[in-house]
Amino acid sequence: MSAPVVLSLEGITKRFGSLTANDDVTLELRQGELLALLGENGAGKTTLMNILFGHYTADSGRVVAFGQELPPGKPRAAIAAGIGMVHQHFALAANLSVIENVVAGTRPLLSLGLGAGAARKRLVELSARFGLAVDPDARVGDLSVGERQRVEILKALYRDARILILDEPTAVLTHQEAEQLYATLRGMAALGLSIIFISHKLHEVMAAADRVVVLRGGKVVAERAASATSREELAELMVGRRVARPRRESQEPGDIVLEASGLDAGGRLKGLDFTVRAGETLGIIGVSGNGQATLVRLACGLEKPSAGRLMLYGKPVADPNPRGFVAAGVGRVPEDRNGDGVVGEMALWENAVLERLREPRFSRAGFVDRAAGRQFARSVIERFDVRGGGPDSPIRLLSGGNVQKLILGRNLAEAPKLLVAAQPTRGLDEGAVASVHGEILAARAAGTAVLLISEDLDEVLALADRVQAIVKGRLSPPIPVAAADPRRLGLMMAGIWEEAA
Amino acid sequence: MMEALDIFASAGLWAAVLRIATPLIFGTLGALICERSGVLNLGIEGIMTFGAMIGWMTVYHGGGLWAGIAVAALSGAMFGLLHAAMTVPLGLSQHVTGLGITLFASSLSYYIFRLSIPVSGSPPTIVPFQPIAIPGLSDIPFLGEALFSQTAPTYLAILLAVVAAIALARTPLGLAVRIVGENPHAAEAQGIDPIRLRIGAVVVGSALMAVGGAFLTLSAFNSFFPTMVQGRGWVCIALVVFASWKPARALLGALLFALFDAYQLRLSHVVGKAIPYQLFLMIPYLMSILALLVMARRARVPQALMQPFRRGER
């Protein structure tokens, strides 16, 4: 490759206390190149990009953009040098308009007038040139996630960014939105922009990048041309050992465990029909925000249906409530694991027994039996390989993957009859995904009925026996997973059921 | 009953409305600027008291009326700096710090006043701002007396509300304040320093609060006495919510509250013989609660209000 180097990081080292987040990292970016920075959570990708953008100051090493060394710790200098960053958690003000978000900070604070007219013209021009359609006057809070990401990219382009850094850009996007984003990025690279994107999703890296730099434990462990590597090789480089996602064995499902007919929930869900049998996984796929949250609430007894019937083990549920569902053997893996799944400040053992505090084995005469609680926590920790703390550590110290293992563990240790798992591997890295998948498959093999709600196509294809799509509060008819491929599922998720069939 | 309605036909009522509204306009704008940047400033009640005291004191010791206003603004800025130092870089609780500043500033005002002015039955007075007749406009029957015979700070307050409305909506500085109050991380990513901007907003807002207080001793009355602010600061905090954090609506809200207040004063003269006047005193507050019920449900709160910003954290 003969294109000039536009950006280089030289010997970057960053320590947080005793942890070395980046260890002598050196990499180069060439003009018009799409570089993927691949690594597991905690590999130091985001830290590295934050140093590059001036959010953090490195302990040693330097950043050179277009031949000029950037002063450390100054985002403004990075912006001025033509570097734009798109954060994983969007840095947008929801109550302001697109145009306000874009122009904020671009003019001297004490000047008069926003120059909104000229800004609008420029924004429309950039949108058209780079294929980033968005209404400049819309309130950002009213935009879809994909549109918000476009605003983020436009913000950088508006400031003449020639180097774009995207931190896990597809973490919040649907499959279609992600594909569209990568097509857009390709087009931008063809127009001469240089792009680094951070990811831990192998298929994206393979499909989109020119070159892949793999980061593990804060070090660059490998660099490959995307055309000269394979998913398997990258997975091994990233994790440091061979990881294979577990496979689903076929088995005959048993009796119906959960059955919904004509389920309505105050306009958010309309006429849902589905059944889940023992030893079977039903995958509900869909773009988030189409009623999944309500469906999960219904399936966990947190909400009563406004019409229709929900039957558990062939009997109608008279008065749904969470405690009753737990007692009936329903295990729950909530979507927002830190918000709904655990209480961060409480100890691991407390979180392990929280749902079952009323059971006589964990409480005596109104007092919590701490010994029994700790014992239960220890057994979960051991059986489900929860790392990062003992029974008495606060759970907020655990990584996302380990929190998820604890949540799964406290449910599966009780051999539930039904497991409701919502987005069980969202935000987890490859190693953790493999173990969560392994546990869900093991539960299914042991006869648990699994209701899996996910927007990750690969996950649904790997775990589910049958698939239904949820779109605007309605469910498509089920199809067997053998008949499902990404294209057909994509159409189902878009609400085009007839064409998909 | 007719008498109760006749009150609305007197030009005096409307003149009083503008007068009563003035300190509320200053205070509400001040609180609004602080809150738009994401900082709640409950120091307002004390800052207004201190402004009232120090402004009066300046004039009493020979300073000009505008010097009094300036000194009050400066004192407010200092308390604002204190509040900002505690809540912005240190990220302490904005409620606790603000209430602490109210208690501190009020007590300090009484203490300074007590030290320098001997106790007497009738407090000493100064010559306050005089109404300015606006040529042409003041001669209009009824309207002239009702709207155009105010003192200079009243006109300033109204002008300030207009300026604040335009500045917030239409200038880079105003946009920067808003984006810091909505999402400081977004501001930082755009190269705006949320810490400095918040400190600046709190300092400026607090200066306005103190000017509102000074209006009481330099224009509405001519002397200072303890407890004279009488909860006006808290009314301003409520008016900000009523105004949905918009300066133009804050002006409207302050005028509305002042109308209730001016009306109840006159109403208690008309029917006060039969009913204790304390009942009428409650009217503006009851009306405010009602108005708040209607307005505040639709209010769009700055998303980062009361959330301390720490660099590198989400």
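J.: Give me the lowdown on the interface of chain A and chain B, citing residues and values where you can.
T.: Contact residues are listed per partner, giving 30 residues for chain A and 24 residues for chain B. Buried surface at the junction of chain A and chain B, summed over both partners, amounts to about 2,200 Å²; 61% is from carbon and sulfur atoms. Taken as a group, A:N95, A:L109 and A:L114 account for 26% of the area that chain A buries against chain B, more than any other trio of residues on that side. The interface formed by chain A and chain B contains one salt bridge. Elements with a contribution of two residues or more to the side of chain A that touches chain B: α2 (75-80) and α3 (98-103) of chain A.

J.: Which residues make up the domain arrangement of chain A, and what values go with them?
T.: All names here are of chain A. Per the domain assignment, the segments making up chain A are domain 1 (5-239) and domain 2 (256-500). On a C-alpha basis, the centroid separation for the pair domain 1 and domain 2 is 34 Å. Tallying the contact residues gives 10 residues for domain 1 and 11 residues for domain 2. Approximately 880 Å² of surface area, both sides summed, lies buried where domain 1 meets domain 2, with 52% of it carried by carbon and sulfur atoms. Elements that contribute at least two residues to the side of domain 1 that touches domain 2 include exactly α6 (175-190), α7 (202-208) and α8 (231-239). When grouped by side-chain class, the residues that make up the side of domain 1 that touches domain 2 number three nonpolar, six polar and one charged.

J.: If you had to explain the nonpolar core to someone new, which residues and values would you point to?
T.: A general trend in soluble globular proteins is that nonpolar side chains are found buried together. Judged by nonpolar contacts, the single largest core of 145 residues is most densely connected at A:V98, A:I153, A:M188, A:F197 and A:V212. Beyond its immediate stretch of four places on either side in the chain, A:V98 contacts A:L123, A:V134, A:D135, A:P136, A:A138, A:V140, A:L143 and A:V151.

J.: I'd like a rundown of the sheet that holds strand β5 (residues 68-69) of chain A, residues and numbers included.
T.: Remark on secondary structure: sheet strands pair via backbone hydrogen bonds, oriented parallel or antiparallel. Residue and element names in this part refer to chain A. As summarised here, the arrangement of the four strands in space is β2-β1-β4-β5, forming an open sheet in which the pairing is antiparallel. With one partner strand each, in any of the chains shown, β2 (19-30) and β5 form the two edges of the open sheet. Pairing of strand β1 (residues 5-16) with strand β4 (residues 60-65) involves five bridges; the strand directions are antiparallel. Paired with S8 across the bridge in β4 is V64. Seen against the sheet, helix α1 (residues 45-53) touches β1, β2 and β4 and runs at an angle of roughly 115° to β1.

J.: Which residues make up the side chain of A:E33, and what values go with them?
T.: Residue position: A:E33 is located in the loop between β2 and β3 (34-38). Engagement of the side chain of A:E33 in a polar contact is seen with the side chain of A:R211, the distance being 2.4 Å.

J.: I'd like to hear about the environment of A:H87, residue by residue, with values.
T.: Residue and element names in this part refer to chain A. Among the structural elements, H87 can be located in the loop between β6 (83-86) and α3. Along the backbone, H87 and M49 are 38 residues apart, and their C-alpha atoms lie at a distance of 9.8 Å. Within the structure, the side chain of H87 is placed 3.4 Å from the side chain of H55, a separation counted as a polar contact.

J.: Could you give an account of the packing of helix α7 (residues 152-170) of chain B against helix α8 (residues 172-182) of chain B, naming the residues involved and the relevant values?
T.: Each packed pair of helices is defined by two parameters, the angle between the axes and the distance between the axes. Residues and elements named next belong to chain B. Remark: α7 packs on α8, axes separated minimally by 5 Å, with the N-to-C direction vectors making an angle of 75°. If you check the angle between α7 and α8, you find them roughly perpendicular. Of the residues in α8, those in contact with A167, L168, A169 and R170 of α7 are P172, G174, L175, V177 and R178. Classifying every residue of the contact of α7 with α8 gives six nonpolar, one polar and two charged.

J.: Now, about a positive patch on the surface: what can you tell me, with residues and values included?
T.: Residues and elements named next belong to chain B. On the surface, K246, R249, R297, R298 and R300 cluster together to form a positively charged patch. Mapped onto the secondary structure, R298 falls in the segment after α13 (277-295). What makes R298 exposed here is its relative accessible area of 64%.

J.: Explain empty space enclosed by the protein residue by residue, including any values.
T.: To find the voids left in a structure, one rolls a probe of water-molecule size over its atoms. Applying the stated criterion to the full structure yields four cavities of 30 Å³ or more. Reported here for the largest cavity is a volume of approximately 140 Å³. If you go around the largest cavity, you meet 15 residues; those closest to its centre are A:G84, A:M85, A:A156, B:A189 and B:Q190. Elements with a contribution of two residues or more to the lining of the largest cavity: β6 and α5 (145-158) of chain A. Looking at the lining of the largest cavity, its residues break down into eight nonpolar, four polar and three charged.

J.: Summarise the sheet that holds β6(A); cite the residues concerned and give the values.
T.: Residue and element names in this part refer to chain A. The strand order across the open sheet formed by six strands is β6-β7-β8-β3-β9-β10, and the pairing between neighbours is mixed. Among the strands making up the open sheet, the edge pair consists of β6 and β10 (219-225). On average, adjacent strands in this sheet sit at an angle of 20° to one another, irrespective of strand direction. For strand β9 (residues 211-216) and β10, the ladder comprises six bridges, and the chain directions are antiparallel. Note on β10: the bridge partner recorded for R211 is A225. With respect to the sheet, α8 is in contact with β3, β9 and β10, its orientation differing from that of β9 by roughly 30°.

J.: Tell me what's going on with the pattern of salt bridges, and back it up with residues and numbers.
T.: When charged atoms on two side chains of opposite charge get close, those side chains can pair. All names here are of chain A. Inspection of every chain in the model, using the stated rule, returns 31 salt bridges over all chains. Put simply, R387 and D385 hold a salt bridge, and the shortest N to O gap is 3.1 Å. Taking relative accessible area as the criterion, D385 reaches 35% and is therefore assigned partly exposed. In this structure, a network of salt bridges that share partners links the residues R356, E359, R361 and E414.

J.: Any details on the layout of surface pockets? Residues and values, ideally.
T.: Within this model, the second largest pocket holds a volume of roughly 860 Å³. Along the walls of the second largest pocket sit 32 residues, with A:L109, B:L173, B:I192, B:R196 and B:L197 positioned nearest its centre. Looking at the lining of the second largest pocket, the elements that each hand over two or more residues are α2 of chain A together with α7, α8 and α10 (194-220) of chain B. Looking at the lining of the second largest pocket element by element, the count peaks at seven residues for α10(B). The class makeup of the residues in the lining of the second largest pocket is 18 nonpolar, eight polar and six charged.

J.: Break down the state of the cysteines for me, with residues and values.
T.: Residue and element names in this part refer to chain B. Enumeration over the complete set of coordinates arrives at zero disulfides over all chains. In this structure C34 is not part of a disulfide, and its nearest cysteine sulfur, from C236, lies 11 Å away. Look at C34 and you get buried, because its relative accessible area is 0%.

J.: Which residues make up the environment of B:F257, and what values do they have?
T.: Residues and elements named next belong to chain B. Along the chain, F257 falls in helix α12 (residues 247-271). For F257, a relative accessible area of 7% puts it in the buried group. Once you skip the residues sitting within four places of it in the chain, F257 turns out to touch L24, V235, P284, Y285 and S288.

The rules behind these values
Residues numbered from 1 in each chain as written. Chains lettered and ligands numbered in written order. Predicted model: local features only at pLDDT ≥ 70, side-chain atom pairs only at ≥ 80, totals over all residues. Heavy atoms only, no water. Contact = heavy atoms within 4.5 Å. Buried area = accessible area lost by both parts, 1.4 Å probe. Salt bridge = Lys/Arg side-chain N within 4 Å of Asp/Glu carboxyl O. Helix = DSSP H or I, 4+ residues; strand = E, 2+ residues; numbered from the N terminus. Domains from an automatic or database assignment. Nonpolar A, V, L, I, M, F, W, Y, C, P; charged D, E, K, R; others polar. Core = buried A, V, L, I, M, F, W, Y, C linked by side-chain atoms within 4.5 Å. Buried < 20%, exposed > 50% of the residue type's maximum accessible area, 1.4 Å probe, protein only. Pairing = 2+ DSSP bridges. Axes fitted to C-alpha atoms, helices over the stretch in contact; angles between N-to-C directions. Polar contact = N/O pair within 3.5 Å; in protein donor to acceptor, adjacent residues only side chain to side chain. Parallel < 35°, antiparallel > 145°, perpendicular 65-115°, else oblique. Patch = residues over 30% accessible without salt bridge, like charges linked within 9 Å, V, L, I, M, F, W, Y side chains within 5 Å. Areas by Shrake-Rupley, 256 points an atom, 1.4 Å probe, with all protein chains shown as cover. Lys, Arg positive; Asp, Glu negative; His and termini not counted. Charge placed at Lys NZ, Arg CZ, Asp CG, Glu CD. 1 Å grid on protein atoms, 1.4 Å probe; cavity = no way out; pocket = protein on both sides within 12 Å on 5 of 7 lines; lining within 4 Å. Points joined across faces, edges and corners; volume = space filled by probe spheres on them. Disulfide = S-S within 2.5 Å.

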